[in-house]
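Fold and geometry: a report
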Amino acid sequence: MKKGTNYKYIIILTCLVLLTACEKTLEDFEIKSAGKKVVIEAYITDSAAINYVRISQTGDFYDAERPAAIKDADVTVYENGNAITFSHQASGYYINPSFSGSPGNTYKLEVTAEGKTYTATETMPPARNLRIDSLVYTFEEQADDGQSYGESNYREDYIEENDSLYNVYMFAREPQDMTNFYKFEFFRNGSKWQNQSAVIVNNDEGIGEAINGLELPGYYLKGDTVSMNMYSMTENVFSYYEALSNVMNSDGGMFNPPPGNPANNISNGALGIFVVAAVTSKTTIIR
Amino acid sequence: MKVHITILSLIMALLISGISCYAQEKYKVSGYVKDSANGEDLIGATVKIENSGKGTATNAYGFYSLSLTEGTHTLVYSYVGYQSVVKEITVDQDITIDVQLNEKAREQEEVVIKGKREDENVKATKMSNVELDMKQVKSLPPLFGEPDIIKTTQMLPGVSSAGEGTSSFFVRGGGADENLILLDEAPVYDPSHLFGLFSVFNTDIIKSSELYKGGIPPQYGGRLSSLLDIRSRDGNKKELTGGAGIGLMASKAYLEGPIKKNKHSFLISGRRSYADLFLPLSPNESVRENKVYFYDINAKAHFDINKNNRLFVSGYYGRDVFKFNDIFKMDWGNITGTLRWNHIFNENLFSNTTLIFSNFDYGLGLSQGIQAFDWTSYLREVRLKEDMSLYLSPRMTLNFGFSSSYRDFQPGSFQPSTDNSIFTGIKLPNLYAFENAVYVGNEHDITEKFSMEYGVRLSSFSHIGKATVYDYKNIRNNQAPERTDSTEYDRFEFIKTFVNPEPRVTARYTLNDVSSVKGSYTRMVQYVHQMITGTTPLPISVWQPSTKHIDPEIADQWAVGYFRNFKNNTYETSAEVYYKDMNQILDFADNAQVFFNEDLPTVLRPGDSWSYGAEFMIKKTKGDLTGWLSYTWSKTERQIPGVNQGRVYPSNQDIRHNASLVASYSLNKKWTFSGNWVFNTGRPITLPAGNYALEHYNVNYFTERNGYRLPNFHRLDLSAVWEPGADKDRKWQGEWHFSVYNVYNRKNPFTIYTETVEDESNNSPGNNYKKVAKMIYLFPVLPSVSYNISF
């Protein structure tokens, strides 16, 4: 397993212990301007709900608006050579409602946008991967100072108002006879756990078969629906997300590896990634 | 390459002709020069034959040897800060003369920076080197009250800090792993305590610290950019003495004395930090349970067995420990050991045999839960080294020897630490390497005005078994490395061997009594590389030997300089320019993963780097006011296939302007005031030129490596040393150190990173994509006080 350690936090923690480190926002730090680039985010999975191509453009660093969507692109997905057209839905998302992928098939993405054609090819890994047995929740006593909850995706008042929070744990079996690359997503009542610095990907190197009680991020309330998606990806795609994790957590290259646009599987210089993955989902309701 | 071969053949010709045609004087005078107060060897004390212009200097063990014609001669033994001794001798056979010099008393003499010889700046052949005065190092304003030779070294011309509060430094555009740091000749692989806030070198026991930025003598090799040669004291041979110090962050004590008076001595010292002692005062429970400390121990024994044999044993053991909430821990440390035997074969031939051991290891661990793990890594080295000096004539000293080392690298072992851990464990295979070198060099005074030191080091490095070596379809594909072949090698089987001749030449031409010009050419080869993906190394940045897929790094450096002293050697000035050409320098692919990566060669990107610059220094070495002013202009760039789209970009070490002002003022016997001001251009940094949306992430869009710079760095520190009993004639003396770090509270940038502003409801961007650049700065104005006592 490649362990991504976040040195920025180690050094900040060290300095906090020494009672000194500080940070400040640089209000007028000058960012160079760059030309626009096409960004392609494409997911082809064996789950009918997760098949889309999203096309957008890069934006200015200080621009608070969501970077502009490209709505007039031509998007075709070839499944083992057979063309399937994806058409624009809204906000740069392209879908084909009747389409879903299958493990073992090879997919080629072809996008023509802003006068250029971009392609990418991946084969869907077999679904023979991590088997999620169950999601188990336990009641957590609220600590007096709220400290033990650490960074959560809930508002502070959410924690303050609720003294009965639950932790959720995953029980699973990891097949030991093959190499797997995983990406995880977590949801509370259908809304995705969206932490900017948490890109949750893992390969199975050094991971044993029994995964008995891996804690999910976040805290949950009685009545919450907790669900997760697990993507079984190719090594190329996994490496992309691993690099993305470095970019999202970059400390400016003081200790972290120098950040750069993650190498991807799309031709012609587009940013983004073409993900072809088998998906496993699991849901539990806290009662 | 052509220049390199030409220089090499020139050196060989010089060596052969130099040795074959020396005029042999008949008799030899040799011996040791020592400090009369404690019996410590004096390194670099001069022995001059009066009215002849000839002479020599003692070596690193205080030994000298001079050839003389039959008859009567007057020898003058001198060492800066000491009273000279004049000996009139009649020579009709080889003789041994050991001399003890008295330190000049303060009453009769102004404060003097102890160097080697008064006019060394101008008259020595070597250039691009600086020796630190330990007394001055101790008086300078320290961070958290602990004086530090590395922090002082970072203020020398041509040297820049790898980041505030770190013990890493860059020399002439070289990376932090390109400095060979030796403690009693044992390599120290990580010189940092507390992530570099302190260095591992305890100033109580250090006798000398000399930095070579170029013109590195052929007995040293293995790193591209510099040699920092730190030697510990031997211990007082005359009487038992000691001291102790209490500071805000650490306390320390040392004891030294004779084992047998005037013959054998010992020295032992220890330090322990106690930053964590204050943590229980924290209102926050999780902080109270943290532990952060380091300790180190230095021990040395010195045995004068007889006239011709001396033995030294020295060792260092140090460790840093971090524990957070009893769950996460991290620790690291060095162990070094040196066993040294000085043997005088005869008046002409001095031998130093050294057996060296060095170990660096670290551990990281999580002790609870199903993700519990223990991550460990180590590097061990055993080295045997033989250095011989043959004193051919007063004009010529031939140095030759060999060095052999065996290294064992364990790049990483990751094991489950609880029964229910999800990990099965990974252990990267150990790497083994065998490094050998032979060298010969000649210190040659060709004429009265012209002298040279020339030589060559022939180094070889072998990656040896046991190992499995993979070949790759595309060695630069780190996204999905594709192995095409693997070869098994048995234990000690040679896998890949590199051989490199490394010529070294330094020349000095004396223009007149107070000025000279010097020039040098140095080739250095580096076979072990630290995987520092950022700018500054961390204790967990592992070392990687050259292997089949990782070529050694090679640097060629040319330097010329003008040296001039003023006012009877009170002021030393120097101006040097250098050009350094570095080949097969290792950089990393964007977002490289270096930990637990069995396909590590695929993330490396070798290429070219070059650095040039000018360094100026004015140093005042005598008087109540001493110190230096230095300024460096330099530029360091890289061009590496696979990095920055193959375009030229500034190195992490590219610091354009770098200036330091260091001063100590001795008001009277009781009070000494010191201060330093440092300024440097901010280091290059990689920041985005835009952003884009991917899933819920607000991702930075990059257009170039190191395309930005941190704001300029500058800082003033002040200190005062008060010795209330300095005028009393008593057995013990106490000393108060008061200091203020960062006097005008400059918020100096440590790094800049970017962040998406969190919106009200959660920490996801939601509809708000606003990004900001944030700067981390470390130390505000920090006063500190420490008290030292010595007897």
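The shown structure was predicted, so the numbers you read here are calculated from the model rather than taken from an experiment.

Section: the overall build of chain B
Within chain B, the regular secondary structure consists of five helices and 51 strands. The buried share of chain B, taken over its 791 residues, is 64%. Expressed as a percentage of contacts within chain B between residues at least 6 apart in sequence, the contacts between residues at least 24 apart total 67%. Summed over all atoms, the accessible surface of chain B reaches about 28100 Å², with 56% contributed by carbon and sulfur.

A few points about the overall build of chain A
Helices and strands together make up the secondary structure of chain A, namely three helices and 16 strands. Among the 287 residues that make up chain A, the fraction classed as buried is 56%. Taking as baseline every contact in chain A between residues at least 6 positions apart, the subset at least 24 positions apart corresponds to 71%.

Regarding the environment of Met 617 of chain B
Residues and elements named next belong to chain B. Structurally, the position occupied by Met 617 is in strand β38 (residues 604–620). The spacing of Met 617 and Glu 572 is 45 residues in sequence and 7.9 Å in space, taken between C-alpha atoms. Once residues lying within four places of it in the same chain are set aside, the contact partners of Met 617 are Leu 156, Pro 157, Glu 572, Thr 573, Ser 574, Trp 628, Leu 629 and Ser 630.

Here we look at the interface of chain A and chain B
Contacts between chain A and chain B engage 100 residues on the former and 95 residues on the latter. The contact between chain A and chain B buries some 8400 Å² in all, and 60% of this surface belongs to carbon and sulfur atoms. Linking chain A with chain B are four salt bridges. Glu 23 of chain A is the partner of Lys 774 of chain B in a salt bridge, and the nearest nitrogen-oxygen pair spans 3.6 Å. Between the two partners, chain A and chain B, sit 26 residue pairs in polar contact (both at pLDDT 80 or more). The set of elements that each furnish at least two residues to the side of chain A that touches chain B consists of α1 (7–17), β1 (22–26), β2 (38–45), β3 (51–57), β11 (181–188), β14 (210–215), α3 (235–248) and β16 (271–285) of chain A. Considered class by class, the residues forming the side of chain A that touches chain B number 47 nonpolar, 30 polar and 23 charged. Strand direction decides the pairing type here: β1 of chain A and strand β50 (residues 771–777) of chain B, joined by five bridges, are antiparallel. Note that in β50 of chain B the partner of Cys 22 of chain A across the bridge is Tyr 777 of chain B.

Regarding the packing of aromatic side chains
Across all of its chains, the model carries 45 aromatic pairs over all chains by this definition. Judged by centre distance (6.1 Å) and plane angle (55°), the rings of Tyr 61 of chain B and Phe 312 of chain B are tilted. With Tyr 61 of chain B in the loop between β3 (55–57) and β4 (63–68) and Phe 312 of chain B in strand β22 (residues 309–324), this pair connects stretches of sequence that are 251 residues apart. Residue classification places Phe 312 of chain B among the buried positions, given a relative accessible area of 2%. Both rings, one in Trp 736 of chain B and one in Phe 738 of chain B, keep their centres 6.1 Å apart while their planes meet at 10°; by these two values the pair is stacked. For Phe 738 of chain B, a relative accessible area of 33% puts it in the partly exposed group. Cluster of aromatic residues (ring-pair linked, three or more members): Tyr 362, Phe 373, Trp 375, Phe 414, Phe 423, Phe 595 and Phe 596 of chain B. Over the ring of Tyr 78 of chain A we find Lys 108 of chain A; its NZ or CZ atom is 5.6 Å from the centre of that ring.

Overview of the environment of Val 122 of chain B
Residue and element names in this part refer to chain B. Of note, Val 122 is situated in helix α2 (residues 120–123). Taking relative accessible area as the criterion, Val 122 reaches 1% and is therefore assigned buried. Through-space distance from the C-alpha of Val 122 to that of Arg 383 is 35 Å; in sequence the pair is 261 residues apart. Not counting the four nearest positions on each side in its chain, Val 122 is found in contact with Arg 508, Asp 513, Val 514, Ser 515, Ser 516, Lys 518, Phe 563, Arg 564 and Asn 565.

Looking at the sheet that holds strand β49 (residues 749–756) of chain B
Across a sheet, paired strands are connected by hydrogen bonds in the backbone, their directions being either parallel or antiparallel. With antiparallel pairing, three strands are arranged side by side in an open sheet as β1(A)-β50(B)-β49(B). The open sheet terminates on both sides in strands that have one partner only, identified here as β1 of chain A together with β49 of chain B. Sheet twist, expressed as the average angle between the axes of neighbouring strands with direction ignored, equals 30°.

What about the pairing of β38 of chain B?
All names here are of chain B. Where burial is concerned, most of β38 is hidden: 12 out of the 17 residues are buried. Examined bridge by bridge, β38 and strand β39 (residues 625–639) share 13 bridges and lie antiparallel to one another. Note on β39: the bridge partner recorded for Ile 618 is Leu 629. The turn linking β38 back onto β39 is made up of four residues, and Gly 623 within it adopts a positive phi angle of 105°.

Here's the deal with the nonpolar core
Side chains of a nonpolar character, in soluble globular proteins, are inclined to be buried together. If you look at the biggest cluster of nonpolar residues, it comprises 81 residues, and the most contacted ones within it are Met 170 and Ile 211 of chain A. Leaving out residues up to four positions away in the same chain, Met 170 of chain A has contacts with Leu 130, Ile 132, Ser 134, Leu 135, Ile 211, Asn 212, Gly 213, Leu 214, Leu 216 and Met 228 of chain A.

Comments concerning unusual backbone geometry
Residues and elements named next belong to chain B. Across the junction of Gly 465 and Lys 466, the peptide omega takes the value 10°, indicating a cis bond. With respect to the helices, strands and loops of the structure, Lys 466 is situated in the loop between β29 (450–464) and β30 (467–472). Even without a glycine there, the phi angle at Phe 492 is positive, about 70°. The exposure class assigned to Phe 492 is partly exposed, which follows from its relative accessible area of 48%.

Here we look at the sheet that holds strand β12 (residues 179–183) of chain B
All names here are of chain B. With mixed pairing, the five strands of this open sheet are ordered in space as β9-β16-β17-β12-β13. Strands at the two margins of the open sheet, each flanked by one partner only, are β9 (129–132) and β13 (186–187). Looking at chain direction, β9 and strand β16 (residues 206–212) are connected through four bridges and run antiparallel. For Leu 132, the partnering residue across the bridge sits in β16 and is Ser 209.

Here's the deal with the side chain of Asp 471 of chain B
Residues and elements named next belong to chain B. Along the chain, Asp 471 falls in strand β30. Among the polar contacts listed, one links the side chain of Asp 471 to the side chain of Lys 548, at a separation of 2.8 Å. Among residues more than four places away in sequence, those in contact with Asp 471 are Glu 482, Arg 483, Thr 484, Asp 485, Lys 548 and His 549.

Some remarks on the pairing of strand β42 (residues 671–680) of chain B
Residues and elements named next belong to chain B. In this structure, strand β41 (residues 657–666) lies alongside β42, joined through nine bridges in antiparallel fashion. The residue of β42 that forms the bridge with Ser 660 is Val 678. Both β42 and strand β47 (residues 713–722) contribute to a ladder of 10 bridges, which runs antiparallel. When the sheet's bridge partners are listed, Ser 674 is paired in β47 with Ser 719.

So, the confidence of the model for chain A
Residue and element names in this part refer to chain A. Put simply, chain A has an average pLDDT of 83, and 83% of its residues get 70 or more. pLDDT under 50 marks residues 1–9. Its contacts with residues more than four places away, or in other chains, come to 35 contacts. Segment residues 143–157 is flagged for pLDDT under 50; beyond a separation of four residues in sequence, or across chains, it makes 26 contacts in the model.

Observations concerning a nonpolar patch on the surface
Residue and element names in this part refer to chain B. Among the surface-exposed residues, Val 313, Leu 339, Leu 355, Phe 357, Val 382, Leu 384, Phe 402, Val 438, Leu 458 and Val 499 lie close enough to one another that they form a single nonpolar patch of about 770 Å² accessible area. Of all the secondary structure elements, the ones that give two or more residues to the nonpolar patch are β24 (349–366) and β25 (373–393). Relative to the helices and strands, Phe 402 resides in strand β26 (residues 396–416).

Regarding the pattern of salt bridges
Residues and elements named next belong to chain B. For the structure on display, the rule yields 56 salt bridges over all chains. With a shortest N-O distance of 2.4 Å, Glu 185 and Lys 385 are connected by a salt bridge. A residue pair is termed long-range when its members are at least 10 positions apart, and Glu 185 in the loop between β12 and β13 and Lys 385 in strand β25 qualify at 200 residues. Side by side, Glu 185 and Lys 385 carry an identical accessibility label, which is buried. We note a salt bridge from Arg 271 to Asp 296, for which the minimum N-O separation is 2.8 Å. Residue Arg 271 is found in strand β20 (residues 264–273), and its partner Asp 296 is found in strand β21 (residues 291–306); the two are separated by 25 residues along the sequence. By relative accessible area, Arg 271 is classed as buried at 3%.

Topic: α3 of chain A
End to end, α3 of chain A covers 20 Å across 14 residues, agreeing with the expected 20 Å (1.5 Å per residue, within 8%). Listed in full, the buried residues belonging to α3 of chain A are Val 237, Phe 238, Ser 239, Tyr 240, Tyr 241, Glu 242, Ala 243, Leu 244, Ser 245, Asn 246, Val 247 and Met 248 of chain A.

Reading the values: rules and limits
Residues numbered from 1 in each chain as written. Chains lettered and ligands numbered in written order. Predicted model: local features only at pLDDT ≥ 70, side-chain atom pairs only at ≥ 80, totals over all residues. Heavy atoms only, no water. Helix = DSSP H or I, 4+ residues; strand = E, 2+ residues; numbered from the N terminus. Buried < 20%, exposed > 50% of the residue type's maximum accessible area, 1.4 Å probe, protein only. Contact = heavy atoms within 4.5 Å. Areas by Shrake-Rupley, 256 points an atom, 1.4 Å probe, with all protein chains shown as cover. Buried area = accessible area lost by both parts, 1.4 Å probe. Salt bridge = Lys/Arg side-chain N within 4 Å of Asp/Glu carboxyl O. Polar contact = N/O pair within 3.5 Å; in protein donor to acceptor, adjacent residues only side chain to side chain. Nonpolar A, V, L, I, M, F, W, Y, C, P; charged D, E, K, R; others polar. Pairing = 2+ DSSP bridges. Phe/Tyr/Trp six-rings, centres within 6.5 Å; stacked < 30°, edge-to-face > 60°. Lys NZ or Arg CZ within 6 Å of the ring centre and 35° of its normal. Axes fitted to C-alpha atoms, helices over the stretch in contact; angles between N-to-C directions. Core = buried A, V, L, I, M, F, W, Y, C linked by side-chain atoms within 4.5 Å. pLDDT = per-residue confidence, 0-100. Patch = residues over 30% accessible without salt bridge, like charges linked within 9 Å, V, L, I, M, F, W, Y side chains within 5 Å. Expected span 1.5 Å × (residues − 1).

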